[in-house]
Amino acid sequence: QVQLVESGGGLVQAGSSLRLSCAASRLTFSRNTVGWFRETPGKERESVGVRRWNLDFATYADSVKGRFTISRDNARNTLYLQMNNLKPEDTAVYYCAARNPGSDSWQYWGQGTQVTVSS
């Protein structure tokens, strides 16, 4: 079965950078649309950024645009989320997700990794 495993979360100070990783088994990232999401208590899970399978660029939420970057290492079949200039409001559990081309729903999710940004 497909498994996505995130890593790289932690506690950092505002203004710092952090890179999250998402490794996949039984799924090839380059053949699927991939995304990063985040969730905080009491709020709905929100999309941070999405990279469609057939495009070389990602789209981002306004709140992270210019600070976060999604990248992919096809050789390692690993997805990354580079987060720069972190703010306290970026504190959340971050999830990677994937969906098959043509699918409207996110079929595969990681277990999440906590990112905490102190002021």
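Note: the structure precedes this text.
In short, a report on the structure. This is a predicted model, so every value here is computed, not measured.

**Concerning the overall build of the protein**
Okay, so step 1: Counting its secondary structure elements, the protein contains 0 helices and 11 strands.
Okay, so step 2: Relative to a compact globule of 119 residues, whose C-alpha radius of gyration would be 14 Å, the protein shows 13 Å and is just as compact.
Okay, so step 3: Seen through its C-alpha atoms, the protein measures out along the principal axes to roughly 40 × 25 × 25 Å.
Okay, so step 4: Here the protein holds 119 residues, and 42% of them are scored as buried.
Okay, so step 5: Here the protein displays about 6,500 Å² of accessible surface, and carbon together with sulfur accounts for 44% of that area.
Okay, so step 6: Counting 14 positive and 10 negative side-chain charges, the protein places the averaged centre of each group 6 Å from the other.

**Let's talk about the sheet that holds strand 3 (residues 18-25)**
Okay, so step 1: If you trace the 4 strands from one edge of the open sheet to the other, you get 1-3-8-7, paired in antiparallel fashion. The open sheet has two edge strands with one neighbour each: strand 1 (3-7) and strand 7 (68-73). Taken over all neighbouring pairs, the strand axes of this sheet differ in orientation by 20° on average, direction set aside.

**Considerations on the pattern of salt bridges**
It is possible for side chains bearing opposite charge to pair when their charged atoms get close.
Okay, so step 1: For the structure shown, the criterion picks out 6 salt bridges.
Okay, so step 2: For Arg38, the salt bridge identified is with Glu46, shortest N-O distance 2.6 Å.
Okay, so step 3: Here Lys65 and Asp62 are joined by a salt bridge, their closest N and O atoms 3.0 Å apart.
Okay, so step 4: By relative accessible area, Lys65 is classed as partly exposed at 49%.
Okay, so step 5: Each of Arg38, Glu46, Arg67 and Asp90 takes part in salt bridges that share partners, so that together they form one network.

**As for the state of the cysteines**
Okay, so step 1: The tally for this structure, following the rule as stated, stands at 1 disulfide.
Okay, so step 2: Paired by a disulfide, Cys22 and Cys96 hold their sulfur atoms 2.0 Å apart. The S-S bond linking Cys22 to Cys96 shows a torsion near 55°; that makes this disulfide right-handed. Residue Cys22 is found in strand 3, and its partner Cys96 is found in strand 9 (residues 92-99); the two are separated by 74 residues along the sequence.

**So, the side chain of Arg72**
Okay, so step 1: Relative to the helices and strands, Arg72 is located in strand 7.
Okay, so step 2: Although Arg72 is buried, it makes no salt bridge; Asp56 carries the closest opposite charge, 5.5 Å away.
Okay, so step 3: The contact partners of Arg72, leaving out residues within four places of it in the chain, are Phe29, Ser30, Arg51, Thr78 and Leu79.

Analysis parameters
Residues numbered from 1 in each chain as written. Predicted model: local features only at pLDDT ≥ 70, side-chain atom pairs only at ≥ 80, totals over all residues. Heavy atoms only, no water. Helix = DSSP H or I, 4+ residues; strand = E, 2+ residues; numbered from the N terminus. Rg over C-alpha atoms; globule rule 2.2 N^0.38 Å. Buried < 20%, exposed > 50% of the residue type's maximum accessible area, 1.4 Å probe, protein only. Areas by Shrake-Rupley, 256 points an atom, 1.4 Å probe, with all protein chains shown as cover. Lys, Arg positive; Asp, Glu negative; His and termini not counted. Charge placed at Lys NZ, Arg CZ, Asp CG, Glu CD. Pairing = 2+ DSSP bridges. Axes fitted to C-alpha atoms, helices over the stretch in contact; angles between N-to-C directions. Salt bridge = Lys/Arg side-chain N within 4 Å of Asp/Glu carboxyl O. Disulfide = S-S within 2.5 Å. Contact = heavy atoms within 4.5 Å.

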